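Chain and residue survey
Given next are the chains, with one letter for each unit.
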Amino acid sequence: MAFKRRKAERRMVQFTSMSRPDRTAFLTEAVQHYWIDKRYSCHVELGLIKHGNLRADVFCLNTKCDMIITEVKSCWADFNTDKKWHKYLPFCMRMYFVIDEKLFESHGEKIIGRIKDEGCGLIVVNKFGSAFVKSNAKRKTMKNEIVAKLLIKAAWRGGRFA
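The structure reproduced in this document is the subject of the present report. (Residues numbered from 1 in each chain as written. Predicted model: local features only at pLDDT ≥ 70, side-chain atom pairs only at ≥ 80, totals over all residues. Heavy atoms only, no water.)

Moving on, we come to the pattern of salt bridges. Counted under the stated rule, the structure contains seven salt bridges. Between Arg23 and Asp100 there is a salt bridge; the shortest N-O distance is 3.6 Å. In this pair, Arg23 is assigned in helix H1 (residues 20-37) and Asp100 in strand S4 (residues 94-100), connecting sequence segments 77 residues apart. Taken as a pair, Arg23 and Asp100 share a single burial class, namely buried. Asp66 is the partner of Arg139 in a salt bridge, and the nearest nitrogen-oxygen pair spans 3.1 Å. With Arg139 in the loop between strand S6 (131-135) and helix H4 (144-157) and Asp66 in the loop between strand S2 (55-61) and strand S3 (67-72), the pair connects residues that are 73 residues apart, well separated along the chain. For Arg139, a relative accessible area of 54% puts it in the exposed group. (Salt bridge = Lys/Arg side-chain N within 4 Å of Asp/Glu carboxyl O. Helix = DSSP H or I, 4+ residues; strand = E, 2+ residues; numbered from the N terminus. Buried < 20%, exposed > 50% of the residue type's maximum accessible area, 1.4 Å probe, protein only.)

Written as structure tokens, this is what we have:
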């Protein structure tokens, strides 16, 4: 069966009129479509450690065992107050932050400046729900035992791939 690209839905949203939960849901959905189009399976709110509060907003996995964590940030305060994102780095090969275009226009350079040193990337979602990489993440290696645990967890949980 040949892979079919999803047709883009052309509904426009106004980020300024959206509540934070609605904006987060919109960004999460958009970034899932971005990764699914690149042949990744997406797992929303995947717990990374047992009995802990370390959950990846969107955990992405492909058939080459590439593991990407995408953290969704709905506003500047959300990004600025998040102190635990550094703890996600051992659990992925690449990490991206997702923001909307309004936040990128106002704070994009500050965000890139803070995450670039850690090797993280930035994805920006426009008002139509299309996602674009503004800064690439650096690929890192992971410990084999962490890869094995996350593969089992992702397999049991199931993921979205269409």
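Let us now look at the packing of aromatic side chains. Enumeration according to the criterion identifies six aromatic pairs in this entry. The interplanar angle of 75 degrees and the centroid separation of 5.0 Å between the aromatic rings of Tyr34 and Trp35 together place this pair among those described as edge-to-face. With respect to burial, Tyr34 and Trp35 carry one shared label: buried. Cluster of aromatic residues (ring-pair linked, three or more members): Tyr34, Trp35, Tyr40 and Tyr96. (Phe/Tyr/Trp six-rings, centres within 6.5 Å; stacked < 30°, edge-to-face > 60°.)

Taking 1.5 Å of rise per residue, the 18 residues of H1 would be expected to cover 26 Å, and the 26 Å separating its terminal C-alpha atoms lies within 8% of that figure. Elements that come into contact with the buried residues of H1 comprise strand S1 (41-47), S2, S3, S4, strand S5 (121-125) and S6. Looking at the residues trailing H1, positive phi occurs at Arg39, about 70 degrees. (Expected span 1.5 Å × (residues − 1). Contact = heavy atoms within 4.5 Å.)

We now examine the sheet that holds S2. Ordered in space as S1-S2-S3-S4-S5-S6, the six strands form an open sheet in which the pairing is mixed. Edge positions in the sheet fall to S1 and S6, since each has one partner strand and no second. Between one strand axis and the next, the sheet turns by 30 degrees as a mean value, whatever way the strands run. As paired elements, S1 and S2 share six bridges and run antiparallel to each other. Pairing of Ser41 across the sheet is with Leu61, part of S2. Sheet strands in contact with H4 are S1, S2 and S3, and its direction is about 105 degrees off that of S1. (Pairing = 2+ DSSP bridges. Axes fitted to C-alpha atoms, helices over the stretch in contact; angles between N-to-C directions.)

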